[in-house]
Amino acid sequence: MLQNITIMLTAFSIVREKEKGTIEQLIMTPISPLELVIGKIAPYVFIAFFELDVTLILGKIIFGVDIKGSLILLIFLGTIFLTSSLAIGIFISTISNTQLEAMHLSLAYLLPSVILSGFVFPREAMPKIIYFISCFIPLTYFNEILRGIILKGVGIRELLHPIAALMTLIIIIIVVSIKKFKKTLD
């Protein structure tokens, strides 16, 4: 749920500017592509953070999910995961020409990511090539973080690998998004 909403929200951000014709105004500003990407992600981080908190509260109230580990660590790492989802949405927005195309690309990413991340099926039972592909999906590492904190009550030391992988994916996605966004009117 967290991934779906954050990707969909940001997937429309830059492409909406293209369709409205206001992308020219963005191009004329003295900001760099990095500043533009960060500026487009920043407002959605707060929305995503609120969504994370509501999800945790509803999980406790409706489903009785007890968190064995640190709630603060879970919220902090959840925010990092949401940043990766927002970055994927920005990437989709930079490569799309229309909002419809952005929606289709978002769905084309979201559906397989849930299946390949280990959320539905254990990754260990997947063929090696599928397992390898799942290593490039941020949700894979967030699932490890969730299972570690919520079910096992582990601390940050046990989660260093998924945290490092998640941070690496965020950097790669943002760098690729910046490279794909050109401040020209092609």
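Quick caveat, the model's predicted, so the values are computed rather than measured.

Draft legend 1. Looking closely at the layout of surface pockets. In this model, the largest pocket occupies a volume close to 720 Å³. The wall of the largest pocket is formed by 23 residues, among which L2, T55, F119, F142 and L146 lie closest to the centre. Going through the elements one at a time, α1 (2-11), α4 (33-63) and α8 (138-152) are the ones with two or more residues in the lining of the largest pocket.

Draft legend 2. Fine view of α1. For α1, the set of buried residues is L2, Q3, T6, I7, T10 and A11. For α1, the buried positions fall inside an angular range of 135° around the axis, keeping them on one side. Residues of α1 that are buried in the fold lie against α2 (13-20), α4, α5 (71-95), α6 (99-116) and α8.

Draft legend 3. Representation of the packing of aromatic side chains in the model. Applying the stated criterion to the full structure yields 2 aromatic pairs. Arranged with centres 4.3 Å apart and planes meeting at 5°, the rings of F81 and F142 form a pair that is stacked. You can see F81 sitting in helix α5 and its partner F142 sitting in helix α8, a full 61 residues away along the chain. Residue F142 is classed as buried on the basis of its relative accessible area of 3%. With a centroid separation of 5.2 Å and an interplanar angle of 75°, the aromatic rings of F132 and F136 are classed as edge-to-face.

Draft legend 4. The arrangement of the side chain of N143 in detail. Mapped onto the fold, N143 is located in helix α8. Setting aside residues up to four positions removed in sequence, N143 forms contacts with S117, G118 and F119.

Draft legend 5. Spatial organisation of the nonpolar core. Of all hydrophobic cores here, the largest spans 48 residues; its most connected members are L77, F81, I145, I149 and L159. The set of elements that each furnish at least two residues to this core consists of α1, α2, α3 (23-28), α4, α5, α6, α8 and α9 (160-180). With 11 residues, the top contributor of residues to this core is α5. For I149, the residues in contact, after removing those within four places along its chain, are I67, K68, G69, S70, L73, L74, L77, V154 and L159.

Draft legend 6. Region of interest: the pattern of salt bridges. Evaluated as defined, the whole model comprises 2 salt bridges. Residue K60 pairs with D66 through a salt bridge whose shortest N-O separation is 2.3 Å. Given the relative accessible area of 44%, K60 is considered partly exposed. When the shortest N-O distance is used, the salt bridge between E144 and R123 registers 3.7 Å.

The rules behind the values
Residues numbered from 1 in each chain as written. Predicted model: local features only at pLDDT ≥ 70, side-chain atom pairs only at ≥ 80, totals over all residues. Heavy atoms only, no water. 1 Å grid on protein atoms, 1.4 Å probe; cavity = no way out; pocket = protein on both sides within 12 Å on 5 of 7 lines; lining within 4 Å. Points joined across faces, edges and corners; volume = space filled by probe spheres on them. Helix = DSSP H or I, 4+ residues; strand = E, 2+ residues; numbered from the N terminus. Buried < 20%, exposed > 50% of the residue type's maximum accessible area, 1.4 Å probe, protein only. Arc of directions from axis to C-beta. Contact = heavy atoms within 4.5 Å. Phe/Tyr/Trp six-rings, centres within 6.5 Å; stacked < 30°, edge-to-face > 60°. Core = buried A, V, L, I, M, F, W, Y, C linked by side-chain atoms within 4.5 Å. Salt bridge = Lys/Arg side-chain N within 4 Å of Asp/Glu carboxyl O.

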